[in-house]
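# Analysis of the macromolecular model
One letter stands for each residue in the lines below.
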Amino acid sequence: MSNSVSASSGVGLNFGRIAGRVLVLGTLALFVLYFLAPLFVMITTSLKSMPEIRAGNIISLPRDPSFEAWRVAWQEACVGVECPGIRGFYKNTFLMVIPAVTVSTLLGAINGFALTKYRFTGHRLVFGLFMFGCFIPHQAIILPMARALGMMDLSGSLWGLALVHTVYGIPFTTMFFRNYYISIPQELVKAARVDGAGFFRIFWSIMLPISAPIIIVSVIWQFTNIWNDFLFGASFTYGANAPIMVALNNIVNTSTGERPYNVHMAAAIMAALPTLVIYVLAGRYFVRGLVAGSVKG
Amino acid sequence: MASLVAQNINKAFGGYTALDNVTIEAKSGEFLVLLGPSGCGKSTLLSIIAGLETLTDGEVLIDGELVNHLDPKDRDIAMVFQSYALYPSMTVRENISFGLKIRGVPKPQREEAVQRVAKMLKLESMLDRRPSQLSGGQRQRVAMGRALVRDPKIFLFDEPLSNLDAKLRVEMRTEIKKLHSILGVTIVYVTHDQIEAMTLATKVVVMKEARIQQIGTPQEIYDQPQNTYVARFIGSPPMNLVPGSLERSEGGTFVRVASASEALHIPVSSDLGRPADAGREVFLGVRPETIFEANRTGPEVEPFRFDVKLDVIEPTGSDDLAIFDLGGQEVTARLRPGSGTAGEQIALAVDLNKAVLFDARSGNRIGNVR
C-alpha cells in the first residue's frame, strides 16, 4: 500500500491513475456499505418502537431512540411459554464456553508439543487422524455423541455440551499448536532436557510462555465456534440449559400476535456481541498467528 | 572433570548408517574435537554421548560408569548448541539458573553461582535482559554460562561458533581455549572447521561418512595424515597431492612425477621400495609451506630442487601463494612475498623430510618420504 502511495505522489498524477483510484475506492466503499447495511438495520431497528417499525421504512434512523427493546430482550423476552429474557442463557453459554475453550486449547497445546518435540513411533499417523478429525462434519457425530453422553449421564446438561465442544475442538487446536511448534527449534527442548527438565516442565516453563500468538488464535477460533454453535446446543441441551444461539432461535420463533422485531434485533446483537468484542480486541493477533504458523511450518 | 569412553558405537536410521563402529576416548581434562564435514556423524555421536539420541549398538562410559540407559539429566553433562537454544521467555539470569532450579538448588546458592559465571563470562550487566536483546556473541556467552554454572563432569559443544561472524568466532575461540586451560575440564567439541579443531584440541578425531579417519594431536594429524582425505581436509590451503609412481634403480627408490619438460625423480626412503612396489601409483603429499625458493634452504631441510613456471600468485600479505602445475596437478606453495610473478620460470625446492607418500588407489598413507 505504501508503495502505491509513494509512486503516485512521486511521479506526476495523471488522469488515468486518478480514474483507477476512484474506481477502486468507489467499489470498496460500495462493498463496505453492502456489508455494513445489515448491522445498521439491526441497530436502528433495535432502538425503534414497534409503531415506528410498523410504519415501514427499515433504513430510516430512529425518531426517538430508546433502549426499551434491549431491556425487554435481556429480562423479559419469551422463550416458548416462559418469558425469562436472554440473561440466563447468556450465563449458560459463558459457563459452557469458558471451560470448553480452556480445556481444548490446553490439550491442543500439549498434543502439538508432543507431536513436534517428543516424536514417537507413529506420530505421523496420529497427526493424520487428528487432521481427519477436523473434517468430520457436526452432523456425523450427533447420534454417537448423544449415546456417549447418555452413558456418562451428561445428557441435556451444560457440562455435557462443554465436553462435546472440547472433544470436537481438539483436532483444530492440535493442528494450530502443532504447526506453530514445528517452527520452534528442536535444540530448545534438547537444551532443557540436558538441564534436567521433563516433559511437562519443558511444556510449562519453556513452550507455553512463547505460545501467546497461537494461544490467541486457538482461543478466538474455539470461542467463536462454540459461542456461535447452534446444532450441538439444540441437540444436546433443552429448556433452561440451552446456550444463547438456541435461545435466540426460540425467542424469534415464539410468536404470539405481533412479532417484536426490535426485541429480536436487540437479542441478536447481544448474542453476537462477545464474538465481536473478541475479534476487535485480538483480531490482528489472529491473522498474525495464522500466518506465522503456516509460513514457517 | 571426568573421562569419557564411547566404545564401538553404531547408529542406524532405518537403512542409513550414521555411525559405523566408532570408538573415541577423552581422558580427564582433555579437549577432544570431532571434526568432519556435515553428515559425517559427528553431531550424532555427540547426541549419543549426551543421551539425546539412542544408539543401535555400543557403550558410553563416563568415569568408567556405563550410562547407556541414563537420561541426559542423569549423565551430569552440559551442552552448548549451535543455535544457543536460549529459553526465549527467560532472562539471562533465569536461563543460566534454570538447570540449578530444576535440580532443587536453593535460591541463594543459585544466585551465587550465577554471579560467579557471569563474572567469568563478563555477563554481569546483562543478567536481566532477554535473549532477544542480546547480540550473537552475548548469546553465545549465555549458552556457555548455562553449561558452566552446573559444574558438570563433561562439556559438550555442538558447533558453538558456527553462527558467529568471522571476527567474533576467533575471539570466542580464544575465550573457550582460555576457559579450558583455567578450569581444566573435559570437553567434547564438534566442528566442521579444521582451524577450530587445530587451535582448540588436545586431540582431534577426523570423521567422514560414519567412520573415524584418524585420531591424534593436531600436530600429528597435520604432519602425518593417515590418508589423502585427512591430508586434504586439514590445512588451508590443504596438502598438495602430486600424482606419481614408484621406481627402483641402482641409485635407490624414486617417485617419478610427470612434468612439462622432463619427468622428476624424487628420491624416497629405500624401505618404501620393495620390489613388489615398483610401478605402484602413489601421491606425494607436500604441505604448501614446505615448498620454498631454491636458494633459501635451512639446515634441517633435505631439499629436492625443481624448476616450474608459476601460473598464479595470490598475495595474502604475510605470504604469496604460488600456484603451478606439477604432474598434471595444481600445486600451491607458500612463498615469501615478492618471490616471483605469474608466468615466471622459477627454481623451487621441497623439504622431503616433511613429505608423505600415499597409495593412489586406497588413499592410505604408505609412509614418510624420508
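I will try to describe carefully the structure that is included in this document. (Residues numbered from 1 in each chain as written. Chains lettered and ligands numbered in written order. Predicted model: local features only at pLDDT ≥ 70, side-chain atom pairs only at ≥ 80, totals over all residues. Heavy atoms only, no water.)

The strands making up a sheet associate through backbone hydrogen bonding, with each pair oriented either parallel or antiparallel. Residue and element names in this part refer to chain B. Taken together, the six strands give an open sheet; going across it, the order is β6-β7-β8-β3-β9-β10, and neighbouring strands pair in mixed fashion. The open sheet has two edge strands, β6 (77-80) and β10 (211-216), and neither has a second partner. Within this sheet the neighbouring strands show an average axis-to-axis angle of 15°, counted without direction. The pairing of strand β9 (residues 203-208) with β10 spans five bridges and is classified as antiparallel. Within the sheet, the bridge partner assigned to Val206 lies in β10 and is Gln214. Taken strand by strand, helix α4 (residues 136-148) contacts β6 and β7 (154-158), and its axis lies near 175° from that of β6. (Pairing = 2+ DSSP bridges. Helix = DSSP H or I, 4+ residues; strand = E, 2+ residues; numbered from the N terminus. Axes fitted to C-alpha atoms, helices over the stretch in contact; angles between N-to-C directions. Contact = heavy atoms within 4.5 Å.)

Time to look at the environment of B:Glu59. All names here are of chain B. Locating Glu59 in the fold gives a position in strand β4 (residues 57-62). For Glu59, a relative accessible area of 36% translates into the label partly exposed. Expressed as a C-alpha distance, the spacing of Glu59 and Thr23, which sit 36 residues apart in the sequence, is 9.3 Å. Not counting the four nearest positions on each side in its chain, Glu59 is found in contact with Val5, Ala6, Gln7, Ile9, Leu66 and Asn68. (Buried < 20%, exposed > 50% of the residue type's maximum accessible area, 1.4 Å probe, protein only.)

This brings us to the pairing of strand β19 (residues 345-351) of chain B. Residue and element names in this part refer to chain B. With respect to burial, β19 is a largely interior element, five of its seven residues being buried. Summarising the sheet, strand β15 (residues 291-293) and β19 pair through three bridges and their orientation is antiparallel. In the strand pairing of β19, Ile291 is matched with Val350. Inspection of the sheet shows strand β16 (residues 303-315) paired to β19 by seven bridges, in the antiparallel sense. Within β19, the residue paired with Val308 across the bridge is Ile346.

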